[in-house]
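What follows is the residue order along each chain.
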Amino acid sequence: MLSLVVGGLRARWASLMGGFLALALGVGMLTATGLGLAAALAPPPRAPERFASSPVVVLGQDRLTVEVRRGPGTALVSRPLDRPQPVDTAVLRDLRARWTLTGAETGAPDAVGLDAPVAEVGAVVGDRAQVLTGTDRRRADPGHEDDARELTGLNALLGTTGGVAAFVSVFVVASVFAFSVALRRREFGLLRTAGATPAQVRRLLLAEAAVLGVTASAAGCALGALAAPPMARALVAGELAPAWFADAAAGSAGWPYHAAFWTGLGVALAGAAAAAHRAGRTGPTAVLREADVDRDVLPPGRALLGAGLLAAGLGLLLWTYGTEPEALLKRKTYTTLPMLLIGGAALLAPLLVRPVARLLPVPGGGAVGLLVRANAAAAVRRTSAVAAPVLVTVALAGTLFGASESVARAKETEARERTAASYAAEAGPTSLFVRDGAEAVVKYRAHAVADPAGFAELARLPVVAGDLADLDDRSIVVNEEFERRRVGEDVEVWRADGSGPVRLRVAAVLARGTGDNGPYVTRAQAPGATPDRLGPGAEPRPVNQAARTGLRLLLGITLLYTVIALASTLLMATSVRGTELAALRLAGATRAQALRAVTGEVLLAVAVGTALGLAVTAAVLGALGAALATLSAPVTLALPWAETGAAAAVCAAVAVAASALPAWRLAR
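Residues numbered from 1 in each chain as written. Predicted model: local features only at pLDDT ≥ 70, side-chain atom pairs only at ≥ 80, totals over all residues. Heavy atoms only, no water.

Caption draft 1: Focus on empty space enclosed by the protein. Across all of its chains, the model carries five cavities of 30 Å³ or more by this definition. As a volume, the largest cavity reaches approximately 90 Å³. Secondary-structure elements contributing two or more residues to the lining of the largest cavity are helix 5 (144-183), helix 12 (331-347) and helix 17 (545-575). In terms of residues, the lining of the largest cavity owes the most to one element, helix 17, which gives four residues. (1 Å grid on protein atoms, 1.4 Å probe; cavity = no way out; pocket = protein on both sides within 12 Å on 5 of 7 lines; lining within 4 Å. Points joined across faces, edges and corners; volume = space filled by probe spheres on them. Helix = DSSP H or I, 4+ residues; strand = E, 2+ residues; numbered from the N terminus.)

Laid out in structure tokens, this is it:
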């Protein structure tokens, strides 16, 4: 068996090169992102900066701790404050009486340093402040919270990138294996005729997949180790990661290598399993009879899985819209939910290509056009093998860029419509902590109003109840997300510095919008808040460049996989069409006409994949538009024609080149 496997791999190395490259790149991406996640989740210890010469630091409380109900009893929950509280004056007085303090020159410092025994300092401070030593002293550095915010975004970016890489590589590897097996049916028929059992045929294919998976995964791990440092430097240069991340990403964590390697091997075996089952389940005569005919192109298992994914995607889309429409505006939702729809449509591609191809114009026209349409309808496996990766690429480009751009435009439009003033000082940013029932405490991004009368006159907010003119130092303007949202009710809140609780009366209720509609309080309830900005009207806020960079990275990865899949599939498919092209020449077709027929067929397949990808995009953006309307937010949908058009154009160029080169040689 081993000699047969090795001999088969040596003879078909060119046809398997696409799967090898896709798997190696996927494992490499998983390794690189895994190393980045390992560095972000366990940052290397770094020396403190602000109190580098002080062995002990006393830091004001930087978290709000509230008692909530948990089952029959209670529990304490903590939420981070916007900034640490000043160290209590009584604590400062007690510390000064015994030791020399560093950083206590200002009237109300948030932290002080001292050189004293930790146990004695802890006994003096008690629970009135925090006592830090060692690397924990970094919590008093000004950039500590900025690092934490950057790492949160970085974790999301790396996790999404790794997930998309795994998602796309599964389809590419499975597609390459499935099409390779379809082209080898005559070989399997001969093996069955020579006495091979179905189990032996399946074991042969799985053994080939195991050898391919092990070698490609090992190569991918090495590639990921080399790619992690430049990837980290690029993230730092793009201000997506702290400066120290450039060196930390080349760490010695072992779990990213294990996770990437075994994931790659599992993808290879899973991609070959369905093809192996199909190769071994028919008898020798049936295999030989079907060797050149596309029948039974959608096995029941694939049809069931594809229909299940498509139904689950549509169901979740509708359920999310009906129960929590604001979730459709979040990056986590519009990044992951479309994958179910894309996966289902890609699996059902053999069923969808014929009806979609009938609706599209055929390149070439005349006799060549008729031949193109007939070939595309007859060779469903070849057509769907080209259309499926194009579908994945166009749909990911359309949904990711379209959803993010639509949400950004809605936020910009909402910001412009908030005020009627020619020049406006926007409310300052602050935070409020509010009980959500008896079991949770929620932190809200709030706005602090310096001039309530001017705010009521100039603000153009979507008020659904109450009056903005009633806002004062003892009231609050909430939105529909609040549990208590009836005008006149009292809401218990804690301020941004943790002080409170205070009870504020609901003056008005706003529609939820895109998430920036309130709450609003006066400056009396927002210690330390400053005006956000001053400018003509409410100028549009720039779209998050970090998010754009991440999306471009995801699109680049997906496009690279698609190029590999298209080139591999079409080189394999066209190389076995020598007899067909020779028959065309004998029937009177010129070499140019034969070439036009081949390239027209792949262009039609690319157009089918593009149309299906745009259909998935329309479903996702349609649900997003409905959610914006439900939330009383501006419905400003944006279809990213540039990104989807570029993706389709690259796919078309690669498909034409990969089919035209071998066809030109065979049509001599």
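Caption draft 2: The packing of aromatic side chains, seen in detail. The final tally for this structure, using the stated rule, is three aromatic pairs. When the centroid spacing of 5.1 Å and the interplanar angle of 90° are considered together, the rings of F261 and W262 count as edge-to-face. Taking the relative accessible area as the measure of exposure, W262 reaches 53% and is therefore exposed. (Phe/Tyr/Trp six-rings, centres within 6.5 Å; stacked < 30°, edge-to-face > 60°. Buried < 20%, exposed > 50% of the residue type's maximum accessible area, 1.4 Å probe, protein only.)

Caption draft 3: Structural context of the sheet that holds strand 5 (residues 130-133). Taken in spatial order, the three strands of this open sheet run 4-1-5, and their pairing is antiparallel. Looking at which strands have only one partner, the edges of the open sheet turn out to be strand 4 (111-114) and strand 5. Each strand axis lies, on average, 25° off the axis of its neighbour in the sheet, ignoring direction. Strand direction decides the pairing type here: strand 1 (residues 56-59) and strand 4, joined by four bridges, are antiparallel. Residue V58 lies in a different strand from strand 4, and its bridge partner there is V112. Each of strand 1, strand 4 and strand 5 is contacted by helix 4 (residues 118-125), which is oriented at about 165° to strand 5, the strand it contacts most. (Pairing = 2+ DSSP bridges. Axes fitted to C-alpha atoms, helices over the stretch in contact; angles between N-to-C directions. Contact = heavy atoms within 4.5 Å.)

Caption draft 4: Summary view of helix 13 (residues 349-359). Within the span of helix 13, buried status applies to A349, P350, V353, V356 and A357. Take helix 13 and look down its axis: the buried residues cluster within an arc of 125°, on one side only. Of the exposed residues in helix 13, those oriented more than 90 degrees away from the buried face are L351, R358 and L359. Turning to helix 13, the residues buried within the fold contact helix 11 (300-323), helix 12, helix 14 (366-378), helix 15 (380-416) and helix 19 (591-630). (Arc of directions from axis to C-beta.)

Caption draft 5: Region of the structure containing the nonpolar core. Judged by nonpolar contacts, the single largest core of 71 residues is most densely connected at V168 and I342. In terms of residue count, the dominant contributor to this core is helix 15 (13 residues). Beyond its immediate sequence surroundings of up to four residues, I342 is in contact with F167, L391, V392, A395, L396 and V616. Judged by nonpolar contacts, the second largest core, of 19 residues, contains A39, A40, L240 and A248. (Core = buried A, V, L, I, M, F, W, Y, C linked by side-chain atoms within 4.5 Å.)

Caption draft 6: How the structure looks around the packing of helix 11 against helix 12. Their axes nearest at 7 Å, the elements helix 11 and helix 12 cross at an angle of 150°. Accordingly, the angle class assigned to the pair helix 11 and helix 12 is roughly antiparallel. In this structure, helix 11 meets helix 12 at a crossing whose hand is left-handed. Taken together, the residues of helix 12 that come into contact with helix 11 (itself represented by R302, L305, G306, L309, L310, A312, G313, L314, L316 and L317) are L337, L340, L341, G343, G344, A345, A346 and L347. A per-class count over the contact of helix 11 with helix 12 returns 13 nonpolar, four polar and one charged. (Parallel < 35°, antiparallel > 145°, perpendicular 65-115°, else oblique. Left-handed = near helix turned anticlockwise from the far one by under 90°. Nonpolar A, V, L, I, M, F, W, Y, C, P; charged D, E, K, R; others polar.)

Caption draft 7: Region of the structure containing the environment of G126. Its location among the elements puts G126 in the loop between helix 4 and strand 5. G126 gets classed as partly exposed once you look at its relative accessible area, which sits at 43%. Placed 35 residues apart in sequence, G126 and V91 show a C-alpha to C-alpha distance of 9.2 Å.

Caption draft 8: Broad picture of unusual backbone geometry. The backbone of S632 sits at a positive phi, close to 60°, despite the residue not being glycine. By the element assignment, S632 lies in the loop between helix 19 and helix 20 (641-666).

Caption draft 9: View of the pattern of salt bridges. Tallied over the entire structure, the rule returns 13 salt bridges. Salt-bridge contacts for E326 lead to R512; the nearest nitrogen and oxygen are separated by 2.9 Å. Note that E326 is positioned in the loop between helix 11 and helix 12 and R512 in the loop between strand 12 (502-510) and strand 13 (520-522), a separation of 186 residues in sequence. Looking at E326, the relative accessible area reads 18%, which means it is buried. The shortest N-O distance in the salt bridge between E405 and R409 comes to 3.6 Å. Here E405 pairs with R409, and both are found in helix 15, just four residues apart, close to one helical turn. Several salt bridges share partner residues, and in doing so they unite E49, R138 and D141 into one network. (Salt bridge = Lys/Arg side-chain N within 4 Å of Asp/Glu carboxyl O.)

Caption draft 10: How the structure looks around the side chain of T514. Summarising the element assignment, T514 is placed in the loop between strand 12 and strand 13. Taking the relative accessible area as the measure of exposure, T514 reaches 9% and is therefore buried. At 2.5 Å, the side chain of T514 forms a polar contact with the side chain of E414. Those residues within four positions of T514 in sequence are excluded, and the remaining contacts are L329, A410, K411, E414, L628 and A633. (Polar contact = N/O pair within 3.5 Å; in protein donor to acceptor, adjacent residues only side chain to side chain.)

Caption draft 11: A look at the packing of helix 13 against helix 19. Taken N-terminus to C-terminus, the directions of helix 13 and helix 19 make an angle of 100°; their axes are 10 Å apart at the nearest point. When the axis of helix 13 is compared with that of helix 19, the two are roughly perpendicular. On helix 19, the residues touching L352, V353, V356 and A357 of helix 13 are L604, V608, A611 and L612. Taken together, the residues that form the contact of helix 13 with helix 19 break down as eight nonpolar, no polar and no charged.

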